[in-house]
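This is what each chain is made of:
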Protein chains: 2
Amino acid sequence: MTRTPIGSVRSTSAMAKGRVTLSREDVVVAAGRLLDETGIDGLSMRSLARTLGTGPATLYWHVRDRDELLAAVLDDTLSAVEVPADGGWQECLLTLSERMRAALLPRPALVTVLWGASWRLGPTTLRLADETIALVAASGLPDDEVADAYLALIWFVLGFVHAESQAEANAGFAAHEPPGSYPHLSRFNPSTDPAAMHRRFTGGLRHLLAGIAEQAGQHRTEGLRP
Amino acid sequence: MTRTPIGSVRSTSAMAKGRVTLSREDVVVAAGRLLDETGIDGLSMRSLARTLGTGPATLYWHVRDRDELLAAVLDDTLSAVEVPADGGWQECLLTLSERMRAALLPRPALVTVLWGASWRLGPTTLRLADETIALVAASGLPDDEVADAYLALIWFVLGFVHAESQAEANAGFAAHEPPGSYPHLSRFNPSTDPAAMHRRFTGGLRHLLAGIAEQAGQHRTEGLRP
DNA sequence: ACCTGAACACCGTTCAAGT
DNA sequence: ACCTGAACACCGTTCAAGT
């Protein structure tokens, strides 16, 4: 893909990578890789620069700041998610949600980027949000309820992936507390093996979708349109 | 409340505050105040130590690390939330959720502490979670669905408060994008004035609770118990 | 256009030593 | 029991200067 004109290489480490000049995409891809290897705390501007064989200042040519970098990694990660084209809106939203879950599960730190959406999001992420809203709107829900139904849906997806990614981190909970101090918390502690997680995910989603469908149905039979 | 024996004061700044020695509570209260004044980024171990007239090392006597400090501030903040005692489980969950919203809205950064629950939580927070689960269980939902219904509920509450707290930060969204690039995102952009937010909050919750009730009802009529 | 070195203004945490 | 100073090992970001 990238040609390597031999005369004009800048740094030995850049040469080792077969690069002449850094592109924004190089930076984002390297950031994703570093995220996978070291987690979100290991992904600093300085450590990323180190893996690219430069100083941190260089990165700021390609990216406004760390938040924009993270949003770009998120955007890159979500580009794997295709919006299903045919089927009813419920089916579509279900498989779309499963694809989002699959895309985010290997990089759960990005859930927090999406959650704290004050961070400026990339075009892929925004397009995905836009099309998801369109599917929710296709339920026939009244306009002023579409946004909240959409939000309940993505919060469920994000919350679920987030919880799933730290299932084992939280597993030791019961061990740290004197038994019986939080009876319900421990009684209803659900199974976290992968198969159960998938069942719980789709089960929860189905309930949400059924709720939306029912609400939309009520609206249809109530309202008399010209 | 705190007596001030005059002979044994340590630092002039501690004296000014009328303290002899620092208690964990002093630290947590000061952290809450600093959070209110400067936001989560302004609340560092060093800045907190500065407002208390000591060095950062001192804080580590009272608190294991920054995460525990934040969990303690959350715990303190949630201690204002009372779990309603009488009424049906739906009513109870509704007013409980409104109280959580009211408690968290002035300190939205704590939503993220609760969300990223890998952080060890305090006793008040855990007791609150436990009693909330108990209320969900009172719906009659089958045991293996209680946890997920509970999660859908708190994710909605947390997501909502989070979104609400940055409503104005996100308000400028439409302005930054070329018009028409994300048609549904802008079309279903709901109102964010306080009254509308409250309506949307309770509306969304009612839908979730109705869904739980219906699911529980189905379970009751299906199952034949001895 | 793209990169660099050096600096600014911070962080969280540890630890031996003090009272 | 509680606090301190000093250090370790980092951060994100800016900016004038280089090619």
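Presented here is a report on the structure given in the accompanying data block. (Residues numbered from 1 in each chain as written. Chains lettered and ligands numbered in written order. Predicted model: local features only at pLDDT ≥ 70, side-chain atom pairs only at ≥ 80, totals over all residues. Heavy atoms only, no water.)

Another aspect to go through is the protein's contact with DNA strand C. Among the 18 residues in the neighbourhood of DNA strand C, the closest are listed as A:L22, A:T54, A:A57, A:H62 and B:R46. Of all DNA strand C atoms lying within 4 Å of any protein atom, the proportion belonging to sugar or phosphate reaches 57%. A:L22 places a polar main-chain atom, nitrogen or oxygen, 2.7 Å from a phosphate oxygen of DNA strand C. Note that a phosphate oxygen of DNA strand C is positioned 2.9 Å from one of the side-chain N or O atoms of A:T58. Secondary-structure elements contributing two or more residues to the surface near DNA strand C are α4 (56-62) of chain A together with α3 (45-52) and α4 (56-62) of chain B. For the surface near DNA strand C, the leading source of residues is α4(A), giving 4 residues. Of the residues that constitute the surface near DNA strand C, the class distribution is 7 nonpolar, 5 polar and 6 charged. (Near = heavy atom within 4 Å. Polar contact = N/O pair within 3.5 Å; in protein donor to acceptor, adjacent residues only side chain to side chain. Helix = DSSP H or I, 4+ residues; strand = E, 2+ residues; numbered from the N terminus. Nonpolar A, V, L, I, M, F, W, Y, C, P; charged D, E, K, R; others polar.)

Further remarks concern the interface of chain A and chain B. Taken together, the contacts link 44 residues of chain A with 44 residues of chain B. Carbon and sulfur atoms make up 67% of the surface buried where chain A meets chain B, a total of about 3600 Å² over both sides. Ranking the residues of chain A by area buried against chain B places A:W115, A:W155 and A:F188 at the top, with a combined share of 20%. Summed over the shared surface of chain A and chain B, the number is 4 salt bridges. (Contact = heavy atoms within 4.5 Å. Buried area = accessible area lost by both parts, 1.4 Å probe. Salt bridge = Lys/Arg side-chain N within 4 Å of Asp/Glu carboxyl O.)

For the rest of this paragraph, the subject is the pattern of salt bridges. Residue and element names in this part refer to chain A. The tally for this structure, following the rule as stated, stands at 14 salt bridges over all chains. For R101, the salt bridge goes to E164, with nearest N and O atoms at 2.6 Å. A residue pair is termed long-range when its members are at least 10 positions apart, and R101 in helix α6 (residues 89-104) and E164 in helix α9 (residues 143-165) qualify at 63 residues. The two residues R101 and E164 agree in class, both being buried. (Buried < 20%, exposed > 50% of the residue type's maximum accessible area, 1.4 Å probe, protein only.)

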